[in-house]
Amino acid sequence: GPYTGDELVVEMADGVAGFVHSKATFNCCMDSVTLELDSAGGVLRVIETEHTAEACRCICDFTVHGEIYDLASGRYTLEVVSSADPKTVLCSAGFEVP
C-alpha cells in the first residue's frame, strides 16, 4: 500500500485467481486470519480478520495466501483491507480472467 509496504500479487491458474498478500502486519502472537470476499462489479475486496487469543506487544510481518474461484471472464481489481479498518485499502492489484 501507499504507506504500509504491503504487497499483493495475483496469478491466474486453471480459472482460479490465487493471491499472495505479503508484508501483512498482524500481532506476532495471532492464531489465525480469516478471509471474507466482498465483490462489487469488477472490484473484489478481501477482508482480513485477525484472531488473537493472547496478544503480544509487537506486530510482525506475515504472508496471507488465498484463492478466488468461479470468476467470470473480464478485468478485476483485487483490494485487501483489514476488518479493523475496512475503509483503508492496504494494497490492490489488477488482473484479468481469460
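You'll find the structure just up there.
Definitions and limits used
Residues numbered from 1 in each chain as written. Predicted model: local features only at pLDDT ≥ 70, side-chain atom pairs only at ≥ 80, totals over all residues. Heavy atoms only, no water. Helix = DSSP H or I, 4+ residues; strand = E, 2+ residues; numbered from the N terminus. Buried < 20%, exposed > 50% of the residue type's maximum accessible area, 1.4 Å probe, protein only. Lys, Arg positive; Asp, Glu negative; His and termini not counted. Salt bridge = Lys/Arg side-chain N within 4 Å of Asp/Glu carboxyl O. Polar contact = N/O pair within 3.5 Å; in protein donor to acceptor, adjacent residues only side chain to side chain. Pairing = 2+ DSSP bridges. Axes fitted to C-alpha atoms, helices over the stretch in contact; angles between N-to-C directions.

Peer 1: How should the side chain of Asp 6 be read in this particular structure?
Peer 2: Mapped onto the elements, Asp 6 comes out in the segment before β1 (7-13). Buried and without a salt bridge, Asp 6 has Lys 23 as its closest oppositely charged side chain, separated by 9.0 Å. Reaching out from Asp 6, the side chain makes a polar contact with the side chain of His 21 at a distance of 2.6 Å.

Peer 1: I tried to follow the sheet that holds strand β6 (residues 74-82) on my own but got confused; where do I start?
Peer 2: Pairing between sheet strands relies on hydrogen bonds along the backbone, with the strands arranged either parallel or antiparallel. Read from one edge of the open sheet, 4 strands run β3-β4-β6-β7, paired in mixed fashion. Pairing within the sheet leaves two strands with one partner each, and these edge strands are β3 (32-40) and β7 (85-97). Pairs of neighbouring strands in the sheet enclose a mean axial angle of 25°, with direction left out of account. Two elements, β3 and strand β4 (residues 43-51), share 9 bridges in a ladder whose sense is antiparallel.

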